[in-house]
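Take a look at the letters that make up each chain.
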Amino acid sequence: MTPTIMKPLGMKPMRLFLAGVALSALAACATDPLGHQTAGIDAPAAWNDLPAKKGAQVLASSDKVTVEQRWWHSFGDPTLDRLVDTALANNKTLAQAEARVAEARAQRAGSVAQLLPEVQGSGDFQRGNQGFASNNKAITIKEGQLQASWEVDLFGKNQARAAAAGAILESEDARRQAAMVSLLAEVARNYFDLRNDQTQIDITEKNLGTQQRTLDLIQVQFKGALANQLDVSRAAAQVATTSARLPTLRAAYATTMNHLNILLGDKPGTNDGWIAPPQAMKPLSPTILVAAPATVLASRPDIRAAERNFAASVSTSKAASKEIFPTISLTSFFGIQDSSLFANANPWGAAAGLTQPILEFGRIQADIDTANARQKQAYLGYQETVLEGLEDMENALALYFNESSRQHDLATAADQDRRAVDLANRQYQAGYTGLLDLLVAQQSELDAESSLAASDAELRKNLVHIYTAAGGGWDLDTRKPRAAVAQTAAKGTASNPS
């Protein structure tokens with residue numbers, strides 16, 4: 001006889017089961033994470049030393065300025081745009097951060113599941129001769145059973161744990177956003193370093209060519225007794241010194257290129273072909289508008305992560321304090337028994353249990369003290385992150401403004417050094433000045449041009465610092481198909497940094 005294991009439950013156990021589901025659904029509604037927690041640190045009204053101006057560069061702050069998210073478009077560099085899109089799609093560190101978010105999401109689902117009943121099913125089939133019990137006949141016994149258990153979260157312990165898990169999920173997602181901001185900044189900084197390495201190599205090779213021509217001229221003069229060995233040695237030493245710069249610059253270029261490939265999630269050398277061709281650098285905007293401190297603090301994902309971590313610690317502390325209350329459990333079962341010898345039966349039962357800690361030698365209080373200490377740590381960490389965010393932006397503004405001032409002076413120096421080399425070369429050929437003056441002028445020109453190029457790269461990296469210190473780069477729809485992201489980047493327009 002085939003057992004009817006899917007037979008409808010009896011009315012009494014069915015009512016108990018449905019009542020448990022309804023109560024657990026109501027309890028699950030109280031598992032949302034805590035709302036925003038304040039750090040107790042007020043944002044300053046304005047940034048220090050703003051507005052500021054040096055030459056054509058102007059730094060100013062405005063309450064109406066929002067944080068620019070796709071800030072790399074403001075540099076107007078298609079190669080940089082492509083680097084960013086590729087890194088967002090393939091970077092391994094960012095992928096790890098996304099995996100941690102998925103882990104936190106699964107853990108939250110497990111915490112919420114603790115509030116719901118657990119239902120288990122079992123079945124059994126037996127056939128045999130039970131002797132006198134079965135009148136010396138072979139009989140068949142079939143059984144099916146559903147068993148439900150539920151811990152009634154009357155005092156909110158499991159709800160607090162679920163709320164903590166939800167806050168941890170939000171914290172991990174904010175950490176993922178912070179990893180994205182860091183990734184974009186690192187890609188841009190390395191890209192500008194790479195372009196600077198290329199420029200430095202080009203400047204050095206051009207100056208080396210000029211110095212080599214000077215050496216060739218002196219060697220000809222030496223053969224004609226118009227120059228002495230000291231002049232030849234000085235010119236040769238300068239050529240060798242300048243040439244010695246190139247291996248270091250080429251090594252820096254190679255290591256930077258290798259790191260860019262790693263940031264793109266590829267092996268070294270994979271993307272060199274499309275990254276390597278020199279790209280003209282678009283002049284930076286003369287006016288930089290910066291978002292107000294309150295806007296910056298609200299935008300930075302690391303601050304949001306710290307705030308959510310503190311919220312999770314508050315819920316965890318609440319859960320620990322609930323351990324002193326009793327644990328109430330409800331259990332029920334319903335079964336079907338079918339035998340070829342006996343009549344069918346429907347066993348069922350329901351029970352309630354209560355467990356109250358009585359003698360646990362201070363374990364619960366120790367857990368409460370531990371949770372409270374961790375909550376204090378999270379709060380202090382939250383405050384520290386807020387302060388570091390303010391410091392980060394102040395530093396970024398100071399670095400940018402002072403590098404802008406330095407670049408202005410370096411540009412003047414480089415222009416004067418170029419004029420000095422031209423004059424020294426003419427006077428040397430006319431016999432009005434010695435070789436040493438010409439060599440000193442050439443070396444000064446090389447140093448000035450090199451410093452100016454390095455300053456330009458540093459200024460761009462400082463501008464990236466301002467963007468990222470403001471929290472720009474986390475609010476991106478990275479779920480778009482790769483082609484759609486690339487198309488969006490191609491249509492982007494330059495904008496002032498936030």
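A brief structural summary.

The helix and strand inventory of the protein stands at eleven helices and seven strands. If you take every contact in the protein between residues at least 6 apart in sequence, the share linking residues at least 24 apart comes to 84%. As presented, the protein carries roughly 25,900 Å² of accessible surface, and 56% of it is formed by carbon and sulfur atoms.

What follows concerns the sheet that holds strand S6 (residues 327-339). Read from one edge of the open sheet, four strands run S3-S4-S6-S7, paired in antiparallel fashion. Each edge of the sheet is formed by a strand with only one pairing partner; in this case those strands are strand S3 (118-129) and strand S7 (348-355). Each strand axis lies, on average, 15° off the axis of its neighbour in the sheet, ignoring direction. In this sheet, S6 lies alongside strand S4 (residues 138-152) in antiparallel orientation, the contact comprising twelve bridges. Across the sheet, the residue bridging to Ala148 is Ser332, located in S6.

Using the criterion set out here, one finds two cavities of 30 Å³ or more in the structure. For the largest cavity, the full set of lining residues is Glu151, Val152, Asp153, Leu154, Phe155, Gly156, Lys157, Lys322, Phe325, Pro326, Thr327 and Ile328. At the level of secondary structure, the elements contributing two or more residues to the lining of the largest cavity comprise S4 and S6. Partitioned by chemical class, the residues of the lining of the largest cavity number six nonpolar, two polar and four charged.

Burial of nonpolar side chains together is a common tendency in soluble globular proteins. Among the nonpolar cores identified, the biggest contains 76 residues, and Phe75 and Met393 are the most heavily contacted of them. In terms of residues, this core owes the most to one element, helix H4 (residues 157-223), which gives 14 residues. Among residues more than four places away in sequence, those in contact with Phe75 are Leu80, Phe192, Lys282, Leu284, Arg460, Leu463, Val464 and Tyr467.

Rules and cut-offs
- Residues numbered from 1 in each chain as written.
- Predicted model: local features only at pLDDT ≥ 70, side-chain atom pairs only at ≥ 80, totals over all residues.
- Heavy atoms only, no water.
- Helix = DSSP H or I, 4+ residues; strand = E, 2+ residues; numbered from the N terminus.
- Contact = heavy atoms within 4.5 Å.
- Areas by Shrake-Rupley, 256 points an atom, 1.4 Å probe, with all protein chains shown as cover.
- Pairing = 2+ DSSP bridges.
- Axes fitted to C-alpha atoms, helices over the stretch in contact; angles between N-to-C directions.
- 1 Å grid on protein atoms, 1.4 Å probe; cavity = no way out; pocket = protein on both sides within 12 Å on 5 of 7 lines; lining within 4 Å.
- Points joined across faces, edges and corners; volume = space filled by probe spheres on them.
- Nonpolar A, V, L, I, M, F, W, Y, C, P; charged D, E, K, R; others polar.
- Core = buried A, V, L, I, M, F, W, Y, C linked by side-chain atoms within 4.5 Å.
- Buried < 20%, exposed > 50% of the residue type's maximum accessible area, 1.4 Å probe, protein only.

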